[in-house]
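An overview of the molecular structure
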Amino acid sequence: MLPSMGENPHAEHLSELLEGLNEPQREAVTHGEGPLLILAGAGSGKTRVLTHRIAYLIFTDQAQPSEILAITFTNKAAREMSGRVEGLLGRRTRGMWLMTFHAACARILRAEADRLGYTRQFTIYDQADSRRLVRRSADAAGVDPKRYTPALLHNQISAAKNRLQAAADLRTAASAAGSPFAEMLADVYELYERDLLRMNALDFDDLLFRAVNLFELFGDVRDRYRATFRHVLVDEYQDTNYAQYRLLQLLVADQPLRAGAPASADGDAADVDGGAAGGYAVSDGGAPVSEGSAARARERDSVPHRNLAVVGDDSQSIYSFRGADVRNILDFQEHFPDAHVVKLEQNYRSTERILRAANAVIANNRGGIAKRLWSELGEGDRVHLRALDDEHAEARFVVGEIERLVDEGTSRSEIAVLYRTNAASRVIEDALVRREIAYQVIGGTKFYERAEIKDAIAYLTLLANPFDVVSFTRIVNSPRRGIGQTSLARVLAHANAMDISVWQAASEPSSIAGLSTAAAKALERFMATMAELRALAGTGAEDVGDDEPSEFLDVRAHGIGELLQATLARSGYLEALEAERTIEAEGRIENLEQLVEVAREFDLATEDGALGDGVGALETFLQQVALVADADARRDDESLITLMTLHNAKGLEYEVVFISGLEDGVFPHSRSLDEGSLEEERRLFYVGITRAMRELYLSYARRRAAFGTPMTGVRSRFLDEIPADLLDEVDSLERFRPGLGGTFSSREATAGGWARAQVREGAVASFRLGEDVVHAAFGEGVVTGVEADGVIVVRFAGDGSERKLMAEYAPVSRR
DNA sequence: ATCCTGATTTTTTTT
DNA sequence: AAATCAGGAT
C-alpha cells in the first residue's frame, strides 16, 4: 500500500515529514487505508500527528487535498490546524475541508437545502434564539413557564436531537410510557420544529441532525460526499455525540455498527417534514466537488472506504452535558473491528511531577483506557497548593504570585488562570485591575451575544431570510419605533393566518386587522427602510415572500461592510445610541464599529471569489458569525494574562497555570455531585492539570460568597487524590484533613455554594431499591437503582425524570 | 407604549 | 452582588 519512497517525487518532503516523530506518532502518520484510532494523551503531539498525516496522505498521493475532510470541534482548532497544514504543504491545501462539524454540516446543507424543504438562505439560530423560540412554543402549548423553563425544555429537545430523535419519536415514546411530561415535551418539540421550518431556520443541533437526515434520505447525495471525501479525520473524538457518530458512519461505512442506538434513528427519517420528499429538483451545482476530483470520484464506486482516522483521549471527555458520549471512542474498536490502534503516551509539554499528579488523579476514575503519560522534561517543581481565607484572599494570592513570576521574567502570555464557572472570573479580574495587570477573559460574555451585535446581525439576517420571525421580532422595535408587543403580535398572527412571510405581512400594514394607524405608519416606515437596504444589498424585493427559493443577494458590488454600515445608519440604530450619551452606549457603538470592521475583513478575504459553492456572500458571512464562539478570539498578546474556564482551556498549554476555587461544590461542582457525574469533573481537573508546562498552582478558599452570602467551604476532594510528596503545601497549619481533629468532616460539610444550605447534617446515606424518597428540589421519587460509590438512581414523580444522585451529598431523604 | 421600581433569581461547562 | 422580571404608574 505504501508507495516506495524512491519513486515518489515528494521523497525529500516525506523524510522531512517523518523526521522528529516518535515511533507511535510515525505509525499513526503513515497508516494507510482503513480505520485508525489514535489514543493521544494530553500533550502527546496529536495535532502534529494529524497535520503530518494529512500532509503524508497528499505527498504519497493517497489523496488529493479536496478529498480530505478534517474535523475539529472549535474554529480555533480548525484555524490552527489549517495554518500548520499550510506550513507543511504550502498552497496545496486549497479545496481541503478543514472545519468544525457544525461548519461542515452547514456547508453541506446550504448546498442541498432544497432537498429538505429549506432555501439556501436558511438562518442558523444560536442558543439564545432557539430558547426564545422554545419559549413561544411552550407558551402556545400551554406549558407553565414557572414549572418548566424554556431552558429546561430546550435542553431536553437538544438532547433528543443529539440522539437523532425527532418530535414524532418522542411522541411515540411518550405514549408508550404514558408520561405526561414526555407528552408535553413532545407537544413543545412539535411546535418548535414547525416554527423552525416555517422560518427557514435551523438550530445548532439541526445542523447535525438534518445532515444525517439528508444522507439517510438521499442515497445519491450521501454517495456523492462519500466519494468526495476519501479520507476523513476527526480531532477530539471523545467529544462526539451520537449524531456526529452517525454522520461519520454514513460518510465512511455502510451500516450503523453500534447496536442499541438510542431509540429509533430510523423513525425520524420520515419525519423531516412534509415537503422533504416532495419533488424538489436535484441540484447538481451545489456539490462541493472541484472539477478534477469530481471526475476522479465518479470513476470510483461509492463503496464505503472506511478511511476514518480519529484522535482523542477518553480521559479528556468533558462535554457529556451537551450530548458527547465517551462510548464513541471507547467502543471504536467494536465499531471498527479492523481498526488500527496507536497510543501516544509520551508527553512533550509538562514536567514529571505535574504528569504524576495528573496520572494519580485520573487513576481514581473507573473504566477508561489505560494510559500512562511520561515525559523527558525533568522532575520540575512541586505542585503549589495554597489555602486562603476567602475568595478575595485567593485572588490576591494568585495576582501576587503572577507579579512575582512576571518580575522573574515569565511572559504574561505564558500564564493562565483557570476556574470552574464563568462567574468566578470577576473576583480575579478585580484583583488584576487593582494591580494594573492587563488580562483577557476567554468566553463568558461573548462579543456575538451582546445585544447590539445581535441586533445588527438580525438586521442582516432578515435581509437574507424574509421568513425569519425571530430576527424580525428582535429588530422591529429596536431602536424604538412605537411598535410594541401588541402590534407585533398582530403582524405575526396575520403572517401566520395568511401563511406568508413576516416580511410580506409587514410590507402591507393596511391589510393587518386591528393594527392602530400609528403602528401601521411606523411599520410602513420601517419596511421602507428595509426595502431600501435590500435594494442596496443588490436584490429586488419582488421575490420576497414567495415560497420559491430566492436568488442569493449579491452584495459583491458593495460589500457587507458597507451594507452593515448603511443598515446601522438608515435604521436609526446608531442615532438612537448616540442620543443616549452614556458611557455604556459609547461602548456599544465601539462594538458595532468592530463588527463593521469584521465585515470589511470578510469582504477583503472573499474578494477573489474564495467563497465557492455558489453560496451568497451574505449567507456565508452570517453563517460564519453564527458559528464562531468567542473562545476563538484568543489573542497571543505578549502582555496579557489569560483567564478562562477549565472547559475553554482544553487543547491549550501555558508555562504557568493556576487552578482556583478547588472546593467541594465549586469544583467538583455541586450540580455534578447531584447528577453523579463526578468522574467527568475529575476528567476536567485532569484537563486543567495537564495544561501546565512548568508550574502548577492550586488554590482554594475556606469561605466564599455565593449569591452574595458568605459560606464556609471544604477543600476539594480532588486535592486528596494528589500524592502528598508531589505537593508543596505551605499553609500546612491551616490545612485541613478529615479525621485529623478538624471541626467538621467532609461527610457532614459538603457542597459549597448554594447547595450547601440544603444539606442536612448527619444524613447517613444508605438507600435501598424501591425505597420512597424525597428530594429538596425534585420532590418525591423512588429509588430505581443502587450503584457503586454511593450513587443511587431515582425516578421522580414530578416530571418522570430519572436522575443519578450521590446519596451522601444530594439533599435527598427517605419519606 | 414605555419607564420605573421592587421582587426574585442567579452559578456549570459550549458548538 | 448583579441581572432579570413582573407589575404598576405615567
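Structure: above.
Before going further, it helps to spend a moment on the overall build of chain A. If you tally the helices and strands in chain A, you get 30 helices and 23 strands. Across the 815 residues in chain A, those meeting the buried criterion constitute 56%. The long-range share in chain A, meaning contacts at least 24 apart out of those at least 6 apart in sequence, stands at 75%. Surface exposure of chain A reaches about 34,500 Å², of which carbon and sulfur atoms provide 49%.

Right, let's get into the packing of aromatic side chains. By the definition in use, this model includes 16 aromatic pairs. Measuring from ring centre to ring centre gives 4.5 Å for Phe 658 and Tyr 697, while their planes differ by 15°; the resulting arrangement is stacked. With Phe 658 in strand β15 (residues 654–659) and Tyr 697 in strand β16 (residues 692–706), this pair connects stretches of sequence that are 39 residues apart. An identical accessibility class is assigned to Phe 658 and Tyr 697; each is buried. Following the ring pairs from residue to residue traces out a cluster consisting of Trp 97, Phe 215, Tyr 225 and Phe 229. Here the guanidinium or amino end of Arg 210 rests over the ring plane of Phe 209, the centre of that ring lying 4.9 Å away. The ring centre of Tyr 319 lies 4.3 Å from the NZ or CZ of Arg 322, which sits over that ring.

Turning our attention to helix α19 (residues 451–464). For α19, with 14 residues, the first-to-last C-alpha span of 20 Å sits near the 20 Å given by 1.5 Å per residue. Across the 14 residues that make up α19, a large majority, 13, are buried.

Another point: the sheet that holds strand β8 (residues 340–344). Hydrogen bonding along the main chain pairs the strands of a sheet, whether they run parallel or antiparallel. Taken together, six strands build an open sheet; the order of strands is β3-β2-β6-β7-β1-β8 and the sheet is parallel. Taken across any chain shown, the strands that pair with only one partner, and hence form the sheet edges, are β3 (97–100) and β8. This sheet shows a mean twist of 15° between the axes of neighbouring strands, independent of strand direction. Of the strand pairs in this sheet, strand β2 (residues 68–72) and β3 are connected by four bridges, and their pairing is parallel. Bridging across to β3, Leu 69 finds its partner in Trp 97. Helix α4 (residues 75–89) contacts β2 and β3 of the sheet and is inclined by roughly 160° relative to β3.

Thresholds applied
Residues numbered from 1 in each chain as written. Chains lettered and ligands numbered in written order. Predicted model: local features only at pLDDT ≥ 70, side-chain atom pairs only at ≥ 80, totals over all residues. Heavy atoms only, no water. Helix = DSSP H or I, 4+ residues; strand = E, 2+ residues; numbered from the N terminus. Buried < 20%, exposed > 50% of the residue type's maximum accessible area, 1.4 Å probe, protein only. Contact = heavy atoms within 4.5 Å. Areas by Shrake-Rupley, 256 points an atom, 1.4 Å probe, with all protein chains shown as cover. Phe/Tyr/Trp six-rings, centres within 6.5 Å; stacked < 30°, edge-to-face > 60°. Lys NZ or Arg CZ within 6 Å of the ring centre and 35° of its normal. Expected span 1.5 Å × (residues − 1). Pairing = 2+ DSSP bridges. Axes fitted to C-alpha atoms, helices over the stretch in contact; angles between N-to-C directions.

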